[in-house]
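# Results of the structural survey
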Amino acid sequence: MIKITNSIINESKFKAAKYIVTKLRENNHKAFIVGGAVRDLCLNLEPNEFDISTCDKPDKFKKIFKKTKPVGQSFGVMLVIVDNVSFEIATFREDMEYADGRHPTDVVYTQSEEEDIRRRDFTINGLMLDPDTLEIFDFCNGLDDLKSKTIRTIGNPKERFSEDHLRILRAIRFANRFGFKIELETERELVLQAPEITKVSAERIREELTKIITNRNSGKGVHMLSSYGLIQNIIPEIELLKGVEQPKEFHPEGDVFVHTCLVLDMLEKEVEENATLAFGALFHDIGKPSTFTETDRIRFNRHEYVGANMTDKICKRLKFSNKQSNEIKSLVSEHMKFGNVKDMKKSTFKRFISIDNFDLHLKLHKADCLASHGDLSLYDFTVNKIEELSNEPIKPKPIINGDDLISLGLNPGPEFKDILSQIFDEQLEGNLKTKEDGMALAKSFIKEVKNEIN
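Residues numbered from 1 in each chain as written. Predicted model: local features only at pLDDT ≥ 70, side-chain atom pairs only at ≥ 80, totals over all residues. Heavy atoms only, no water.

### Digging into the overall build of the chain
Formally: Helix and strand labels come from DSSP, where a helix needs a run of H or I of at least four residues and a strand needs a run of E of at least two; each type is numbered from the N terminus. As defined in this context, the radius of gyration uses C-alpha atoms, and a globule is described by 2.2 Å times the residue total to the power 0.38. Using a 1.4 Å probe, accessible areas were evaluated by the Shrake-Rupley method; residue-level cover was limited to the displayed protein chains. Counted charges follow a simple rule, with Lys and Arg positive, Asp and Glu negative, and His plus the chain ends left uncounted. Charge coordinates come from a single atom per side chain, which is NZ of Lys, CZ of Arg, CG of Asp or CD of Glu.
Along the chain, the regular secondary structure elements total 23 helices and 12 strands. For a compact globule of 454 residues, the expected C-alpha radius of gyration is about 22 Å, and the chain comes in at 28 Å, more than 25% above that figure. Based on the C-alpha atoms only, the size of the chain along its principal axes is roughly 90 × 55 × 40 Å. When the accessible area of the chain is evaluated, it comes to approximately 22300 Å², of which 47% is carbon and sulfur surface. Both charge centroids of the chain, one from 67 positive and one from 75 negative side chains, sit 3 Å from each other.

### Structural notes on the pattern of salt bridges
We apply this condition: A carboxyl oxygen of Asp or Glu within 4 Å of a side-chain nitrogen of Lys or Arg is what we treat as a salt bridge. With a 1.4 Å probe rolled over the protein chains alone, any residue whose accessible area is under 20% of its type maximum counts as buried; one over 50% counts as exposed, and the rest are partly exposed.
Scanning all chains against the criterion turns up 27 salt bridges. For D132, the salt bridge identified is with R25, shortest N-O distance 3.0 Å. Of the two residues, D132 is situated in the loop between β7 (127-130) and β8 (135-138) and R25 in helix α1 (residues 12-26); the sequence distance between them amounts to 107 residues. A residue is classified by how much of its surface remains accessible, and D132, at 43% relative accessible area, is partly exposed. For E159, the salt bridge identified is with R160, shortest N-O distance 3.8 Å. Look at E159 and you get partly exposed, because its relative accessible area is 43%. One salt-bridge network, in which partners are shared between bridges, spans E159, R160, E163 and R167.

### Side note on unusual backbone geometry
Backbone geometry follows two general trends: most residues other than glycine have a negative phi, and most peptide bonds adopt the trans configuration. Look at K319: it is not a glycine, yet its phi comes out positive at around 65 degrees. Of note, K319 is situated in the loop between α16 (303-317) and α17 (322-334). At N357, a position not held by glycine, the phi torsion is positive, near 60 degrees. Inspection of the secondary structure puts N357 in the loop between α18 (346-353) and α19 (358-370).

### A closer look at the nonpolar core
A general trend in soluble globular proteins is that nonpolar side chains are found buried together. This is how it is decided: Put simply, a nonpolar core is a bunch of buried Ala, Val, Leu, Ile, Met, Phe, Trp, Tyr and Cys residues held in one set by side-chain atoms that sit within 4.5 Å of each other. We call two residues in contact when some of their heavy atoms are within 4.5 Å.
In this structure, L230, I238 and F283 are the most contacted members of the largest nonpolar core, which totals 90 residues. The biggest single contributor to this core is helix α7 (residues 166-178), with 8 residues. The residues contacting I238, other than those within four sequence positions of it, are V222, I231, F257, L282, F283 and I286.

### Section: the state of the cysteines
For the record, the criterion: Any pair of cysteine sulfurs within 2.5 Å is marked as a disulfide.
Applying the stated criterion to the full structure yields 0 disulfides. Free cysteine C261: the closest other cysteine sulfur is in C315, separated by 18 Å. Assessed through its relative accessible area of 0%, C315 is described here as buried.

### Digging into the layout of surface pockets
Heads up, the rule is: Only protein atoms enter the 1 Å grid used here, on which a cavity is any set of points holding a 1.4 Å probe that cannot leave and a pocket is any open set flanked by protein within 12 Å on both sides along at least five of seven lines; residues with an atom within 4 Å of a point are listed as lining. Grid points are joined across faces, edges and corners, and a volume is the space filled by probe spheres set on the points. Any residue that is not Ala, Val, Leu, Ile, Met, Phe, Trp, Tyr, Cys, Pro, Asp, Glu, Lys or Arg is counted as polar, Gly included; the first ten are nonpolar and the last four charged.
Here the second largest pocket is characterised by a volume of approximately 750 Å³. Considering the residues around the second largest pocket, the lining is formed by 28 residues, among which F250, H251, H303, M336 and G339 are closest to the centre. Every element with two or more residues in the lining of the second largest pocket is listed here: β12 (298-300), α16, α19 and α20 (377-388). Partitioning the lining of the second largest pocket into residue classes produces 9 nonpolar, 10 polar and 9 charged.

Honestly, it's all geometry; don't read function into it.
Shown next, in the form of structure tokens:
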């Protein structure tokens with residue numbers, strides 16, 4: 001047993017977790033804080049969540065706690081809600097057979113906390129904490145691996161990865177997040193079982209991948225995923241970025257894969273908790289391999305639109321929501337427009353900066369520049385221009401609408417959109433101030449249309 005001290009123990013989530021443990025113990029049940037929270041406390045990090053392990057069974061939790069929610073009751077797991085925060089409580093379980101690479105064929109409860117730890121994934125996640133005494137119980141040498149910065153499975157790596165193939169991705173996530181090395185036997189089995197990741201649901205893969213690219217060292221994380229054969233089995237389109245040369249005057253950093261990883265690194269603080277921006281960065285140049293041409297120099301004509309179509313397919317494959325898919329696709333399709341900002345009319349510029357989540361587009365552009373030529377002149381121009389326009393409405397309500405065109409005698413048709421768009425452009429340019437101005441211009445456009453018809 002080792003005792004820890006940490007200022008984070010006074011944090012409200014820890015106090016709520018301690019309350020849960022206390023209530024379980026008052027009912028004569030062994031209980032501990034377990035897993036990632038204990039690991040993070042040992043690393044002097046603030047845990048995102050606190051999981052609790054006990055010898056009590058889920059059907060008893062409802063009698064002890066006021067607010068509970070079943071999430072995996074058949075596997076001994078229940079959520080307990082304290083102060084509007086959810087805590088996962090799991091019953092001690094023995095090692096079991098896994099038939100499908102995720103779900104055990106049977107659940108066998110145990111009274112032994114050590115037996116429960118033996119079935120978990122990695123030694124650094126196999127630590128238990130007594131919140132009353134702050135003593136750590138270590139049955140698998142997890143503290144030694146924390147000190148040596150090592151990712152190692154608990155027991156046989158083949159068995160641990162076979163039980164849940166997602167652990168392959170988790171090993172890389174932890175190694176990348178903490179800057180740890182993967183122990184040799186664990187690493188060998190990880191590589192052997194990398195193709196098995198395709199058996200994991202798209203949703204679980206997406207969640208784990210999101211954690212990798214929205215955390216520190218995200219670019220390095222993508223490198224690791226590639227080096228261990230995971231990218232090839234999850235998003236092979238990213239693997240195809242390797243070896244795709246770029247014009248050195250714009251991209252002295254290297255090929256498209258190297259550039260993509262650097263963009264993610266440049267966004268390290270920005271992508272925390274922002275999966276849309278992270279995946280936008282990951283996919284922004286995904287259309288380059290299929291649009292590569294070399295005449296006067298290397299070019300990737302319209303790669304942003306090709307990339308947006310590819311992104312749409314990948315997002316569907318990874319089961320993103322329609323909303324997030326569209327946001328990610330927009331980051332890909334619009335990222336080259338910054339090259340034209342100095343030549344844009346005011347109306348065009350206003351339309352550009354009024355697209356949804358423009359702040360994310362701006363962040364991606366800055367990272368794109370810093371990860372290549374380093375020239376931020378277009379970024380600075382955009383920021384300064386936005387400041388200049390700060391006293392003007394960027395996307396005002398249109399002065400006139402379709403009903404106004406009908407009132408002027410124009411029948412609904414294809415010309416409607418063109419006329420309204422032209423009038424709105426003039427409004428954005430500042431040339432139209434009132435509805436009367438808009439109606440006068442509309443009359444002239446309608447007259448031209450009728451003359452063309454006659």
